[in-house]
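# What the coordinates show
If you want the building blocks of each chain, they are given just below.
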Amino acid sequence: MRIIILSRNRALYSTRRLIEAGQQRGHTMRVIDPLRCYMDIASHRPGVCYKGETLEDINAVIPRIGASVTFYGAAVLRQFEMIGAYPLNESVAITRSRDKLRSLQILARAGIGLPLTGFASSPDDTQDLIKLVGGAPLVVKLLEGTQGKGVVLAETDKAAESLIDAFRELEANFLVQEFIKEAGGSDIRCFVIGERVVAAMRRQAREGEFRSNLHRGGTASLVKLTPEERATAIRAAGKMGLNVAGVDLLRSNHGPVVLEVNSSPGLEGIEGATGKDVANMIIQFIEKNAKPHRTATRGKG
Ligand code: ADP
């Protein structure tokens, strides 16, 4: 098969592993920078151009689109969908998952366990907002943040009020969320492919920190999931419409709660912690599922 990896950097671990796994299984792998793609939209024969070349006969596309280029990257992926290439994750699902608030609303509607979460616009509602999530300690999260940036813990109601006021002053969009203290600074990353959790790891925040992101010095280890955690991760990925997803869970007193569903989960941490060849499993999933024009979004946007 001819498989394109949409990625800005071929040197990244995840990109390198996908190239390797694809080549090992006999595919032609090519890395394309989404920001260097341009598109013929109006034509009766839509096309994707790349540095003067029209890309044709592409069987599948693996989107590895960074959060900062979501808008353009999703447009490029949509164009690949229009020319019949199979997207590992659809453009619509990626856009959906990049919006934290929208994602939580979709998961809540499906009855998936979440931390109590509130969202409000007016400063007049701040005290009610704090009450809604059960009071301090609570977490305030910027909607645009990634890798734990913009996730702040407020230990008292007073601190929460000041923090919320300050964010409002900056006209930032943020969520207010119950602090899951019993998680003890650790979360669980479930790597979902299709209808299976193929690998899982526990990430533990370093001493004095509650955010377990590996980018913030968290450490990863093997974890055994409960059937409920496994089912929650698979349902969450499914509700977002993602074939491949990194579902982050916390172990709370009221069962597993989903923090986030990531549409471009990194391979380095999970392969390192579990010793599993996740890249190979992704390529095998593509082999089974990539058929021309196999995208639910075709013609619907
Ligand atoms: P990001 O997308 O920036 O990584 P997250 O919402 O995943 O933001 O939060 C980063 C980390 O902070 C999580 O991995 C988790 O360890 C911790 N965390 C986030 N929300 C909560 C919460 N409500 N209760 C306890 N810990 C949390």
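This one's a predicted model, so the numbers in the text were calculated from it and none came from an experiment.

## Remarks on the overall build of the protein chain
Each helix and strand in the protein chain was counted, giving nine helices and 16 strands. For 301 residues, the compact-globule estimate of 2.2 N^0.38 gives 19 Å, and the protein chain sits close to it at 20 Å. Along the first, second and third principal axes, the C-alpha atoms of the protein chain reach 60 × 45 × 35 Å. Looking at the protein chain as a whole, 51% of its 301 residues are labelled buried. Taking the contacts inside the protein chain whose residues are at least 6 apart along the sequence as the reference set, 66% of them involve residues at least 24 apart. Counting 41 positive and 33 negative side-chain charges, the protein chain places the averaged centre of each group 7 Å from the other.

## Notes on the domain arrangement of the protein chain
Its domain assignment divides the protein chain into domain 1 (2–89), domain 2 (97–113 + 182–286) and domain 3 (117–179). Using only C-alpha atoms to locate each centre, domain 1 and domain 2 end up separated by 25 Å. Summed over both sides, the interface of domain 1 with domain 2 buries roughly 1700 Å², with 57% coming from carbon and sulfur. Ranking the residues of domain 1 by area buried against domain 2 places Tyr-13, Leu-88 and Asn-89 at the top, with a combined share of 32%. At the boundary of domain 1 and domain 2, one finds two salt bridges. Linking Arg-17 and Asp-277 is a salt bridge whose minimum nitrogen-to-oxygen distance equals 2.6 Å. Taken together, the connections running from domain 1 to domain 2 amount to 14 residue pairs in polar contact (both at pLDDT 80 or more). Per-element accounting of the side of domain 1 that touches domain 2 gives the leading share, six residues, to helix H1 (residues 13–24). Within the side of domain 1 that touches domain 2, the residues separate by chemical class into 13 nonpolar, six polar and three charged.

## Topic: the site of the ligand
The ligand sits among 20 residues. The nearest are Lys-141, Gly-148, Glu-178, Asn-213 and Glu-260. At a separation of 2.8 Å, an oxygen atom of the ligand approaches a polar side-chain atom of Glu-260. Isolated, the ligand exposes 550 Å² of accessible area, and the fraction of that covered by the protein chains is 97%. At the level of elements, strand S9 (138–142), strand S11 (174–178) and strand S16 (255–262) are the ones that each hand at least two residues to the shell around the ligand. Grouping the constituent residues of the shell around the ligand by class yields seven nonpolar, seven polar and six charged.

## Some points on the pattern of salt bridges
Tallied over the full model, the rule gives 14 salt bridges. Linking Lys-131 and Asp-128 is a salt bridge whose minimum nitrogen-to-oxygen distance equals 3.6 Å. Taken together, the residues Lys-131 and Asp-128, both in helix H5 (residues 126–132) and three residues apart, mark about one turn of the helix. Judged by relative accessible area, which is 47%, Asp-128 ranks as partly exposed. Two residues, Lys-158 and Glu-161, come together in a salt bridge whose shortest N-O distance is 3.7 Å.

## Focus: helix H9 (residues 278–289)
End to end, H9 covers 17 Å across twelve residues, agreeing with the expected 16 Å (1.5 Å per residue, within 8%). Along H9, the residues that are buried comprise Val-278, Ala-279, Asn-280, Ile-282, Ile-283, Phe-285 and Ile-286.

## So, the sheet that holds strand S1 (residues 2–6)
Spatially, the four strands line up as an open sheet ordered S2-S1-S6-S7, and their pairing is parallel. With one partner strand each, in any of the chains shown, strand S2 (28–32) and strand S7 (86–87) form the two edges of the open sheet. Bridge count between S1 and strand S6 (residues 60–63): four bridges; the pairing is parallel. Bridging across to S6, Ile-5 finds its partner in Ile-62. Relative to S1, helix H2 (residues 70–82) is tilted by about 165 degrees, and along the sheet it contacts S1, S6 and S7. Each of S1, S2, S6 and S7 is contacted by H9, which is oriented at about 145 degrees to S6, the strand it contacts most.

## With respect to the layout of surface pockets
Here the second largest pocket defines a volume of roughly 200 Å³. Along the walls of the second largest pocket sit 13 residues, with Arg-45, Pro-46, Leu-55, Glu-56 and Ile-83 positioned nearest its centre. Of all the secondary-structure elements, those providing two or more residues to the lining of the second largest pocket are strand S4 (47–50) and strand S5 (53–55). No other element matches the three residues that S4 contributes to the lining of the second largest pocket.

## Quick look at the packing of aromatic side chains
In the structure shown here, the tally under the stated rule is two aromatic pairs. Aromatic pair Phe-167 and Phe-174: ring centres 5.7 Å apart, planes at 45 degrees, arrangement tilted. Phe-174 gets classed as buried once you look at its relative accessible area, which sits at 2%. Between the aromatic rings of Phe-179 and Phe-210, the centroid separation amounts to 5.7 Å while the plane-to-plane angle is 85 degrees, which identifies the pairing as edge-to-face.

Calculation criteria
- Residues numbered from 1 in each chain as written.
- Predicted model: local features only at pLDDT ≥ 70, side-chain atom pairs only at ≥ 80, totals over all residues.
- Heavy atoms only, no water.
- Helix = DSSP H or I, 4+ residues; strand = E, 2+ residues; numbered from the N terminus.
- Rg over C-alpha atoms; globule rule 2.2 N^0.38 Å.
- Buried < 20%, exposed > 50% of the residue type's maximum accessible area, 1.4 Å probe, protein only.
- Contact = heavy atoms within 4.5 Å.
- Lys, Arg positive; Asp, Glu negative; His and termini not counted.
- Charge placed at Lys NZ, Arg CZ, Asp CG, Glu CD.
- Domains from an automatic or database assignment.
- Buried area = accessible area lost by both parts, 1.4 Å probe.
- Salt bridge = Lys/Arg side-chain N within 4 Å of Asp/Glu carboxyl O.
- Polar contact = N/O pair within 3.5 Å; in protein donor to acceptor, adjacent residues only side chain to side chain.
- Nonpolar A, V, L, I, M, F, W, Y, C, P; charged D, E, K, R; others polar.
- Near = heavy atom within 4 Å.
- Areas by Shrake-Rupley, 256 points an atom, 1.4 Å probe, with all protein chains shown as cover.
- Expected span 1.5 Å × (residues − 1).
- Pairing = 2+ DSSP bridges.
- Axes fitted to C-alpha atoms, helices over the stretch in contact; angles between N-to-C directions.
- 1 Å grid on protein atoms, 1.4 Å probe; cavity = no way out; pocket = protein on both sides within 12 Å on 5 of 7 lines; lining within 4 Å.
- Points joined across faces, edges and corners; volume = space filled by probe spheres on them.
- Phe/Tyr/Trp six-rings, centres within 6.5 Å; stacked < 30°, edge-to-face > 60°.

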